[in-house]
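Structural characterization, general
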Amino acid sequence: MNALASPIASIRDALISAGCLRCRVLCGATSSVAIKTLLHGSSLGCNHAGELSGRSILLTTNDQLAAALALIELDGIASRIVICPPETTPEHFPSLIGKGSIDTVVSDYELPKYYSLTGLSQVRCGSTIRPVDDVHIDRRPTEWVLLSSGTTGAPKMIVHNLTSLVAPIKLATSPGEKLVWGTFYDIRRYGGLQVFLRAALGGGSLVLSGDTETTGEHLIRLSKQGVTHLSGTPSQWRRALMSPEAHRIDPSYIRLSGEIVDQAILNALRSFYPKAAVGHAFASTEAGVGFEVNDGLAGFPAAILNHDTSVEIKVCNDSLRIRSNRTASHYLDSRNGALVNGDGFVDTGDIVELRGDRYYFLGRRNGVINVGGLKVYPEEVEAVINRHPAVRMSVVRPRRNPITGSLVSADIMLKDASLAEQQSQVIKSEILEICQQSLAHHKIPVIIRYVNSVGVAATGKLSRHDA
Amino acid sequence: MSIKETVISQFDEVRRSSNKPGRPLTDDLVLLDSGLDSLGLAILVTKLEDILDVDPFTDSDITVPPVTLGEFIQLYERAGKPHCVHQGCAD
């Protein structure tokens, strides 16, 4: 295994020093770009990227390829890039712009007219490259700010730099080996960004997913490009295996992360792709990549805790804690609290249980529900349910599911428990309607039960543990 | 109602509540072309677990997930098959 040359000044410098850019491409759903052309060209709608030197940028795109190209150009030039994942809605922009001290918005679509009145610079980006004159630009370290869902629905802004992001990247490369990375993730989130950086810095091409293409269409594109390394969440892999096109690809390496990995999906992948090495990793936006498990089994060996590596792992009060140079430095908004404990460890909030010589993941301490890799904070859903005037209290919990890992279920206590069946059915429909108006699809409770009481712990907080 | 009828009726209901009308629910319909996304399929499996009291995805050792509706129904029919309690009976 070869560690990447460190430190890396910028992605662009790493690409130049890697040489041999011939044949390396970034493939989007509708167009592709040869990486070589990016070194003498620009995807940005300004004279050259140097004009954005020192800017604090909000990057919001519809197209992943446009985001990938802009990141390569802006890293080492901008002082800060706040990367919006696809679910970021315009209602979040004012807060992100304020907290991120944003002076420039880079986007591949027309922003609402409001933004042209705010004095913000707007720069268009896209997925085509036009030639530009080579101009010397002084490089500077760029802060990468990733977004993650927060308790109230407002995203948390998590600060990384290129060093922390690339620290986990170690590549096994053989001379002449053709690497084609593919990902079901979105590169505007931590998991996908890791794949993007592996492809950009470690060599090879990258096949991105498209917002509107089907799993089958994506698999066909992956097959045409000859994907060798493919990553996704367990839910994304389960969906891929349900496609008739799943047999078209023949990867040599399969990686899962972002959700609890169960033995069934590991067995299914091993059976379907017998030639592939199947591994899973623990990673979070805050803690970075913690460790990789390559023995084909769910959970992780307890011995990992005693490994003398660059990543220190411990279990305290049943939750996994990680200290390494891969962790984010802080939350941009101090109201989100400290990201790292006093001892330098990040408390991941993931609860583990020791069975024999192996730890297994049980879920999240703070009740966060992981629906197919997307976080749902119970408090956000409860607040929406509680808007209904007939509701006294509600408690939202995960319901285990073999397709998406979990779904959202809600126990609701009505103010008047003696309502007739018909009336309570009407209320249920009204609650669902409020949820549909206010919440993303994956946050809407699938199961709604009426209960006579909800558990309240000694702390006065709702008890979210399953009975 | 047979297991097949239950699966099809729930499939139809989840699809309608997601406002995703799709192709007719025939045995050869590819699940990913049915109009249900992963979340829709997850909701369907949960509803079927509550009605049929089986979750064949978790309860059985499936090596390859179903691709068509017919395979999906078979999974439930196999999981829902009553087990013989007689001693010495292999079923």
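Scanning chain B for helices and strands turns up 4 helices and 0 strands. Out of the 91 residues in chain B, the part that is buried amounts to 43%. Summarising the internal contacts of chain B: among those between residues at least 6 apart in sequence, 55% fall at separations of at least 24. As displayed, chain B has an accessible area near 5000 Å², and 49% of this comes from carbon and sulfur atoms.

All names here are of chain A. Strand order in the open sheet made by the 3 strands is 26-27-28, with mixed pairing throughout. Of all strands in the sheet, those with a lone pairing partner are strand 26 (391-401) and strand 28 (447-450), marking the two edges. On average, each strand axis in the sheet is inclined to that of its neighbour by 25°, with strand direction left out of account. Pairing of strand 26 with strand 27 (residues 405-414) involves 10 bridges; the strand directions are antiparallel.

Another point: the packing of aromatic side chains. Residue and element names in this part refer to chain A. Enumeration over the complete set of coordinates arrives at 11 aromatic pairs over all chains. Centroid distance W237 to Y273: 6.4 Å. Interplanar angle 70°. Geometry classified as edge-to-face. Within this pair, whereas W237 is found in helix 8 (residues 234-241), its partner Y273 is found in the loop between helix 9 (263-272) and strand 16 (277-284), the two being separated by 36 residues in sequence. An identical accessibility class is assigned to W237 and Y273; each is buried. Note on F300 and F361: the rings are 5.6 Å apart at their centroids and 50° apart in plane angle, and the pair reads as tilted. Residue F300 is located in strand 18 (residues 300-301), and its partner F361 is located in strand 23 (residues 358-364); the two are separated by 61 residues in the primary sequence. F361 shares its class with F300; the two are buried. By way of ring pairs, the aromatic residues F282, F291, F300, Y359 and F361 are connected into one cluster.

So, on to the interface of chain B and chain A. The interface is formed by 24 residues belonging to chain B together with 23 residues belonging to chain A. Around 2100 Å² of area is buried between chain B and chain A when both sides are counted, 66% of it from carbon and sulfur atoms. In terms of surface lost to chain A, no three residues of chain B exceed L32, L39 and T46 of chain B, which account for 27% of the buried area on that side. Counting every contact that joins chain B to chain A gives 2 salt bridges. Between R399 of chain A and D50 of chain B there is a salt bridge, with the nearest N and O atoms lying 2.7 Å from each other. Of all the elements in the fold, those that place two or more residues in the side of chain B that touches chain A are helix 2 (38-52) and helix 3 (56-59) of chain B. A breakdown of the residues in the side of chain B that touches chain A according to their chemical character gives 14 nonpolar, 4 polar and 6 charged.

Residue and element names in this part refer to chain A. Tallying each qualifying case throughout the model produces 27 salt bridges over all chains. The closest approach of N and O atoms between R188 and D211, which form a salt bridge, is 4.0 Å. Separated by 23 residues along the polypeptide, R188 in the loop between strand 12 (180-183) and helix 6 (190-202) and D211 in the loop between strand 13 (205-207) and helix 7 (215-224) bring together distant segments of the chain. You can call R188 buried: its relative accessible area is 2%.

Turning to the sheet that holds strand 3 (residues 32-34) of chain A, a few remarks are in order. Residue and element names in this part refer to chain A. If you trace the 8 strands from one edge of the open sheet to the other, you get 3-2-13-12-14-15-16-17, paired in mixed fashion. On the outer flanks of this sheet lie strand 3 and strand 17 (288-293), each paired with one strand and no other. Recorded for the sheet is a direction-independent mean angle of 20° between the axes of neighbouring strands. Inspection of the sheet shows strand 12 paired to strand 13 by 3 bridges, in the parallel sense. Its bridge partner being in strand 13, G182 is matched across the sheet by V207. Against the sheet, helix 7 contacts strand 2 (25-27), strand 12, strand 13 and strand 14 (229-232), and its axis sits at roughly 165° relative to strand 13.

Our next topic: helix 2 of chain B. Residues and elements named next belong to chain B. Over its 15 residues, helix 2 extends 21 Å from the first C-alpha to the last, a length consistent with the 21 Å expected when each residue adds 1.5 Å. Among all positions in helix 2, only S38, L39, G40, L41, A42, I43, L44, V45, T46 and L48 are buried. Looking one or two places after helix 2, you find D53, whose phi comes out positive at around 65°.

Conventions and cut-offs
- Residues numbered from 1 in each chain as written.
- Chains lettered and ligands numbered in written order.
- Predicted model: local features only at pLDDT ≥ 70, side-chain atom pairs only at ≥ 80, totals over all residues.
- Heavy atoms only, no water.
- Helix = DSSP H or I, 4+ residues; strand = E, 2+ residues; numbered from the N terminus.
- Buried < 20%, exposed > 50% of the residue type's maximum accessible area, 1.4 Å probe, protein only.
- Contact = heavy atoms within 4.5 Å.
- Areas by Shrake-Rupley, 256 points an atom, 1.4 Å probe, with all protein chains shown as cover.
- Pairing = 2+ DSSP bridges.
- Axes fitted to C-alpha atoms, helices over the stretch in contact; angles between N-to-C directions.
- Phe/Tyr/Trp six-rings, centres within 6.5 Å; stacked < 30°, edge-to-face > 60°.
- Buried area = accessible area lost by both parts, 1.4 Å probe.
- Salt bridge = Lys/Arg side-chain N within 4 Å of Asp/Glu carboxyl O.
- Nonpolar A, V, L, I, M, F, W, Y, C, P; charged D, E, K, R; others polar.
- Expected span 1.5 Å × (residues − 1).

What is shown is where atoms sit, not what they do.
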